[in-house]
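Tertiary structure, described
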Amino acid sequence: FQAPAYHLILEGILILWIIRLLFSKTYKLQERSDLTLKEKEELIEEWQPEPLVPPVPKDHPALNYNIVSGPPTHIITVNGKECINFASFNFLGLLDNEKVKSAAQASLKKYGVGTCGPRGFYGTFDVHLELEERLAKFMRTEEAIIYSYGFATIASAIPAYSKRGDIVFVDEAACFAIQKGLQASRSNIKLFKHNDMADLERLLKEQETEDQKNPRKARVTRRFIVVEGLYMNTGDICPLPELIKLKYKYKVRIFLEESLSFGVLGEHGRGITEHFGINIDDIDLISANMENSLASIGGFCCGRSFIIDHQRLSGQGYCFSASLPPLLAAAAIEALNIMEDNPDIFQTLRAKCEHIYKALQGISGLKVVGESFSPALHLQLEESSGVRENDVKLLKRVVDYCMNSGIALTQARYLEKEEKCLPPPSIRVVITVEQTEQELDKAASLLKEAAQSVLN
Amino acid sequence: VNHIVHNGGLYKRPFNEAFEETPMLVAVLTYVGYGVLTLFGYLRDFMRQWKIEKCQNATEREEQKDFVPLYQDFENFYNRNLYMRIRDSWNRPICSVPGARVDMMERVSHDYNWTFTYTGRVIKDIINMGSYNYLGFAQNAGVCQEAAAKVLSQYGAGVCSTRQEMGNLDKHEELEKLVARFLGVESAMAYGMGFATNSMNIPALVGKGCLILSDELNHASLVLGARLSGATIRIFKHNNMQSLEKLLKDAIVHGQPRTRRPWKKILILVEGIYSMEGSIVRLPEVIALKKKYKTYLYLDEAHSIGALGPSGRGVVDYFGLNPEDVDVMMGTFTKSFGAAGGYIGGKKELIDYLRTYSHSAVYATSMSPPVMEQIITSIKCIMGEDGTTVGRARVQQLAENTRYFRRRLKEMGFIIYGNEDSPVVPLMLYMPAKIGAFGREMLKRNIGVVVVGFPATPIIESRARFCLSAAHTKEMLDTALKEVNEVGDLLQLKYSRHRLVPLLDRPFDETTYEETED
C-alpha cells in the first residue's frame, strides 16, 4: 500500500516542525514578578507616604494675611489702622455706591441669597438673563454668558474651544487663570515674548511651514491667540491692531481677556477694542471678570452667538456650578447703569492715572512698570539683589512703612513654583476714581520717603 | 428583599442601597429609540445640507469662512438632533426665591426649541423639586436674610481683591472659625465657588509622582482637579470597596508604572452623596481601608453637608465617625446653606498650607460679605446657637420627607436608585422620548422636576431627579406623589418588579481603568 507523494511530504514537514518546536527557546510574553502573599504584605507594611502637606514656616510672607475690618472701600481699616486704599481693584469706586447697594438689597428681598442650583436646573433667574442682555448690548456683541467666579471664566472658556491637538499662541505674561485654562485644554501651547509681535509672527510662520508638511492635519487643527487687554502682571497694553492683521494673515482666532481693561479703557469704558477703534466682531471672544470695575463677583464672556452659545453646554464652570447669586447680578446691572450714565468717569480715572504715573517717576530704587493710563501699576526694585526672598522682604518693609503712615498698599502675590514666567516681586499701586489729587500726591511722596529710608 | 449590610460591626445602622437592574425589554426599546432618533438626525442633517430645510444654527462670519472650523460637525450631532428636541426641559427661568414653591417665566417656542420667546406670563407656585434646597434656607425673609441685608449695607457686594492681598475681611476669619467648629475639625478655609474649590486645591495637595484613586462617578470638578494636578489617576468601581482595596494593594506593591518607585502619596477621592445616583459613600469601610494602607482621604460633601446626619453635620455624622479620620473635608455652601461657595476643613497644617499655596487664595477674589453672612447665620441656626430649635427641626423634617417620599415611590412601582436616606431621589425613565415627556407633563401639573440624560448619565439610564427639602410640607409631597403617579401611568414608567437586587450582586471584575498623566 503506497501513500500518495504529497501525503509523505506533508507528514515530513509536520515532523520537522514538531522537532523545531521542541527545541526552540520558550519565551514568556510578560515578565511577571509573581510576589508571594507574604512579600506583598511586607511591602504594604513598609511603605511610608510623605505627609499630606509639608509644614509651612510660621513667618512665611503669604501666611499672615492683612485683616481688613469693615468694607474695603476708599478709607480702609487694615490691621486696625485707617489708611487710604491703594490696593483694592475698585477702579470706578462702585464698591460702596449707594445705588448699587440698594439695587442689591431689593434683589435680596426678592430672591434671597443663593440660587440653589446650576443654570440648567432652575438656577436661571430673570436677573441673570437681564445681566447677560445688558452686557451684550453694552459691549455691542450678539450674546454674553455669565460665570459665578471671575477666575473660572477664562479658565472654562478656553478648554471649551481648544482641545487636544489644537495650537494656542499665548503671551508670556498671561495671568494664572489663562495658564490654568490652557492646562485644562491639553492643547499645544506656544509662548511668545511679551508684546513682541515679531516673535509671534515667527512662531506663526514656523507653524505655517509645519502645516505644509501635513496639510490634512492642518485642516482640522484649530489655532488661537490668547492675549490680555491690560496685562495684570506688567500693566501694559497689547498691540491689538497688529494682532488683527496677523489674525487674518495666518487665520488664527483671537481670545481677549479684558479683566483690567473693561470699564477702564475706551471712551465709554468698553475696553481695548473701543480704545483702538476696532470692530468688535473681529475679536472672537472677549472675556472679563466683573470683580474690578463692576465691583461685584463673577465674570462674563461676550461675542457672537456662534461662539458664545457653545459654552452653555461645554463650559465646565457654567454647567457644573451653581449660578451667580442674584444680589450680585443686580449689583452688576446697577453698576453697568452707572457706567452708561456717567461716561466722564473714565476720563477722570485716566487723568488720575497719568498724574500718579508722573508723580512716581524718579523714586530712587523703585521703577514704575506699566502704561501711563493703566490703573494697576507695579513698582519693582531697580536693582534686584538676585535672591527673590530678599527682594520680597525689602518690598515688605517699604509696604509696612507706607501702611504705618496711612497708605494701604500690597505686594503682588504669585504662586512662585506654578507660574510659567514668574514676574519679579513688585508693589501693586491701584488708582481709583475716588482718590483725590492730594491723596495721590501724598502716596507718591510717602513712597519716595519709604524707598529712601529702606533701600538706601 | 433589601440586603442589609452589617460589615463586621463597622456600620452602626443598616445601609440600604439598591440599584435595580434595567428590565431587558426596556433596554432594547431604549436602544431602538436612540436608533430611530439617530436615523432621523442623519436625515435632517442631510436635508439641511442640501438646503431643503432651513438651517437654524448660528454660523461663522463671512470673513472667517476659510478659517479652520471651530466645531467638528459630529461633535454637535447630539446637540442638534437630540438635545434640541427636548431643550425646553432645561434652563427654565424662574423669577422668585427658589424655595419649596417657585414662580416660573412662561416661554414658548414656535420653531421647535431653536428659539424661545417669553409670553410675559408667570406660572405661579410651582412645587419645586429641582433646586438643591435641602434645609430650606433659600428664603427671602427671616433671620438669615435680615442679617445678610445688614451686612450688605455695611460692606457692599464685592471685595475687589484676593485673600492674600487686600481681600481678607474680618468676616472671612469669623466664617472660617465657625465652619471649623461646625465640622469638628481644627481649622477651615472658605472659597468663593464650590467647583473652583476642588479644581484649585487638589493640584495644590498632590502632584507628579502621587496617585489619585477616584470613584467612577465623581463630579466634573473632582475630575478636573485631579487632571490639573498631574498625578496618576486610577478609577475604582462606584462605591465598590473590593475594587478600591485591589487598586490600593496593587499600587503599593508595584509602585509607579515603569519606574517602580514607591508612590509619594495616595489620595482617595470620594463624595458624600453622589447626586446622579443618590448613593451614599461607604465611609466606614473607606476609612478602615485608608487607615490600613496609610493613604489620605478627600471627602467632597457637596450634597451631604447639612442633609445627612442627626445634627446635620454631613456623612461623617450620619455614620457616627470621627471627623479627624477624614484628612480633607470639602463641601459647598450652595446646597444646604442657601448661599454660594465652598470650604475645606482639616488639620491646622493642612489649612495653613492651603492659605499659602492654594490657587484660589492667591489669584481669585474672596467671598462676598452678604453671602458669608447668610452662611454664618444658617450654620448657627443648624447648630442651634441662635437659641431656637429651628435647625434641628429642619434636619429631622428632611429625614422624614426623604423616607416617606422614597417609600411611597417604591410602593407605586417606579425604579428608584440610591440609598434609603439620601434626599436625592433618581427615578428611572430610560427612554429618550420619556425624558421630554416627563418634564413637560409634570410642568403642566404645576410641578417642577429635573430630568437628566446623556452625557450626564449612561446613555440608556436617563432619569428624573427629585431633590427633597425640609421646606416641603407633607401636603406638597402628597400632591407631588399623586401627580407623579398619574404621569407614571400615562407614560408607563412603573418598571419595577419589586425585585430589589442584593447589594453585592454588582460583581466587581478585573477591569480597572488607569489614566496616566500626559
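Residues numbered from 1 in each chain as written. Chains lettered and ligands numbered in written order. Predicted model: local features only at pLDDT ≥ 70, side-chain atom pairs only at ≥ 80, totals over all residues. Heavy atoms only, no water.

Rule in force here: UniProt positions are given in the numbering used here, feature names are shortened, and annotations may be inferred rather than shown by experiment.
Labelled according to an unreviewed UniProt entry, chain B appears under the name serine C-palmitoyltransferase, originating from Serilophus lunatus. Under the Cofactor (unreviewed entry) heading, UniProt states for chain B: "pyridoxal 5'-phosphate".

Chain A carries the name Serine palmitoyltransferase 1 in an unreviewed UniProt entry, which gives Serilophus lunatus as its organism. Quoted straight from UniProt, the Sequence similarities (unreviewed entry) entry for chain A says "Belongs to the class-II pyridoxal-phosphate-dependent aminotransferase family." Per UniProt, chain A carries the Cofactor (unreviewed entry) text "pyridoxal 5'-phosphate".

**Here's the deal with the overall build of chain B**
Put simply, the rule is: Where helices and strands are cited, they refer to DSSP runs of H or I of at least four residues and of E of at least two residues respectively, numbered from the N terminus. Using C-alpha atoms as the atom set, the radius of gyration is obtained and then compared with a globule rule of 2.2 Å times the number of residues to the power 0.38. For each residue, the accessible area found with a 1.4 Å probe, counting protein chains only, is set against the maximum for its type, and the residue is called buried under 20%, exposed over 50%, and partly exposed in between. In what follows, a contact means two residues having at least one pair of non-hydrogen atoms within 4.5 Å. The Shrake-Rupley method, run with a 1.4 Å probe sphere, supplies the accessible areas, and residue values consider only the shown protein chains as cover. The charge count includes Lys and Arg as positive and Asp and Glu as negative, but it does not include His or the ends of the chains. Each charge is placed at NZ for Lys, CZ for Arg, CG for Asp and CD for Glu.
When you go through chain B residue by residue, the secondary structure sums to 15 helices and 19 strands. Its C-alpha atoms give chain B a radius of gyration of 24 Å, near enough to 24 Å, the size a compact globule of 518 residues would have. Projected onto its principal axes, the C-alpha positions of chain B cover 65 × 65 × 60 Å. The buried share of chain B, reckoned over its 518 residues, is 64%. Residue pairs in contact within chain B that sit at least 24 positions apart in sequence constitute 72% of those at least 6 positions apart. For chain B, the accessible area works out to roughly 19,600 Å², and carbon and sulfur atoms hold 55% of it. Taking the average place of the 62 positive charges on the side chains of chain B and the average place of its 59 negative ones, the gap between the two points comes to 1 Å.

**Side note on the sheet that holds strand β14 (residues 407–408) of chain A**
Note on sheets: strands pair through backbone hydrogen bonds, and any given pair is parallel or antiparallel. All names here are of chain A. Put simply, the rule reads: Pairing between strands requires that DSSP locate at least two bridges from one strand to the other.
Taking strand neighbours across the sheet as the criterion, the 4 strands line up as β1-β2-β3-β14 in an open arrangement whose pairing is mixed. With one partner strand each, in any of the chains shown, β1 (68–69) and β14 form the two edges of the open sheet. Note that β1 and strand β2 (residues 75–78) share 2 bridges and pair antiparallel. Bridging from a neighbouring strand, Ser 69 pairs with Thr 77 of β2.

**Details of the nonpolar core**
Nonpolar side chains tend to gather and get buried jointly when the protein is soluble and globular. Short version of the rule: We call a set of buried Ala, Val, Leu, Ile, Met, Phe, Trp, Tyr and Cys residues a nonpolar core when their side-chain atoms join them within 4.5 Å.
Ranked by internal contacts, the top residues of the largest apolar core, which has 247 residues, are A:Phe262, B:Met129, B:Leu409, B:Phe438 and B:Phe466. Sort the elements by how many residues they give to this core and helix α13 (residues 326–341) of chain A lands first, with 11 residues. Among residues more than four places away in sequence, those in contact with B:Phe466 are B:Met129, B:Phe405, B:Leu409, B:Pro423, B:Val424, B:Val425, B:Leu427, B:Phe438, B:Val449 and B:Val484. Among the nonpolar cores identified, the runner-up in size contains 44 residues, and A:Tyr149, A:Ile154, A:Ala157 and A:Phe306 belong to it.

**Concerning the domain arrangement of chain A**
Residues and elements named next belong to chain A. Under the convention used in this document: Segmentation into domains, and thus their bounds, comes from an automatic or database assignment. Once two parts are joined, some of their accessible surface, as seen by a 1.4 Å probe, is lost; buried area is that loss totalled over both. A pairing counts as a salt bridge when a side-chain nitrogen of Lys or Arg comes within 4 Å of a carboxyl oxygen of Asp or Glu. A 3.5 Å cut-off defines polar contacts: any pair of N or O atoms within that distance qualifies, except that in protein one atom must be a possible hydrogen donor and the other a possible acceptor, and neighbouring residues in sequence count only when both atoms are side-chain atoms. Residue type decides the class: Asp, Glu, Lys and Arg count as charged, Ala, Val, Leu, Ile, Met, Phe, Trp, Tyr, Cys and Pro as nonpolar, and the leftover types, Gly among them, as polar.
Each assigned domain of chain A is listed with its residue range as follows: domain 1 (61–89 + 344–455) and domain 2 (98–341). In this structure, domain 1 and domain 2 have C-alpha centres spaced 27 Å apart. Summed over both sides, the interface between domain 1 and domain 2 buries roughly 1,900 Å², with carbon and sulfur atoms accounting for 61% of that surface. Of all residues in domain 1, Phe 89, Phe 346 and Lys 420 bury the most surface against domain 2, accounting for 31% of the area lost on that side. For the pair domain 1 and domain 2, the interface holds 0 salt bridges. The tally of links between domain 1 and domain 2 comes to 7 residue pairs in polar contact (both at pLDDT 80 or more). For the side of domain 1 that touches domain 2, the secondary structure elements donating two or more residues are α14 (344–359) and β13 (376–381). Partitioning the side of domain 1 that touches domain 2 into residue classes produces 11 nonpolar, 3 polar and 6 charged.

**What about the packing of aromatic side chains?**
Selection criterion: Any Phe, Tyr or Trp ring, taking Trp's six-membered ring, that has another such ring centre within 6.5 Å forms a pair; planes under 30 degrees apart are called stacked, those over 60 apart edge-to-face, and the others tilted. Only Lys NZ and Arg CZ are tested; either one counts as a charge over a ring when it is within 6 Å of the ring centre and within 35 degrees of the ring normal.
Considering all chains together, one arrives at 27 aromatic pairs over all chains under this definition. On the basis of an interplanar angle of 50° and a centroid distance of 6.3 Å, the ring pair of A:Phe151 and A:Phe176 is categorised as tilted. Of this pair, A:Phe151 sits in helix α5 (residues 150–161) while A:Phe176 sits in helix α6 (residues 176–185), placing them 25 residues apart in sequence. Take A:Phe151: its relative accessible area is 9%, and that puts it in the buried class. A centroid spacing of 5.0 Å and a plane angle of 40° characterise the contact between A:Phe224 and A:Phe255, whose relative ring orientation is tilted. Highlighted residues: A:Phe224 in strand β8 (residues 223–228) and A:Phe255 in strand β9 (residues 253–257), separated in sequence by 31 residues. Overall, the relative accessible area of 1% leaves A:Phe224 in the buried class. Residue classification places A:Phe255 among the buried residues on the basis of a relative accessible area of 2%. By way of ring pairs, the aromatic residues A:Tyr161, A:Phe224, A:Phe255, A:Phe306 and B:Tyr71 are connected into one cluster. Of note, A:Arg20 hangs over the ring of A:Trp17, and the distance from its end group to the ring centre comes to 5.2 Å. Seen from the ring of B:Phe116, B:Arg107 lies directly overhead, with NZ or CZ sitting 4.2 Å from the centre.

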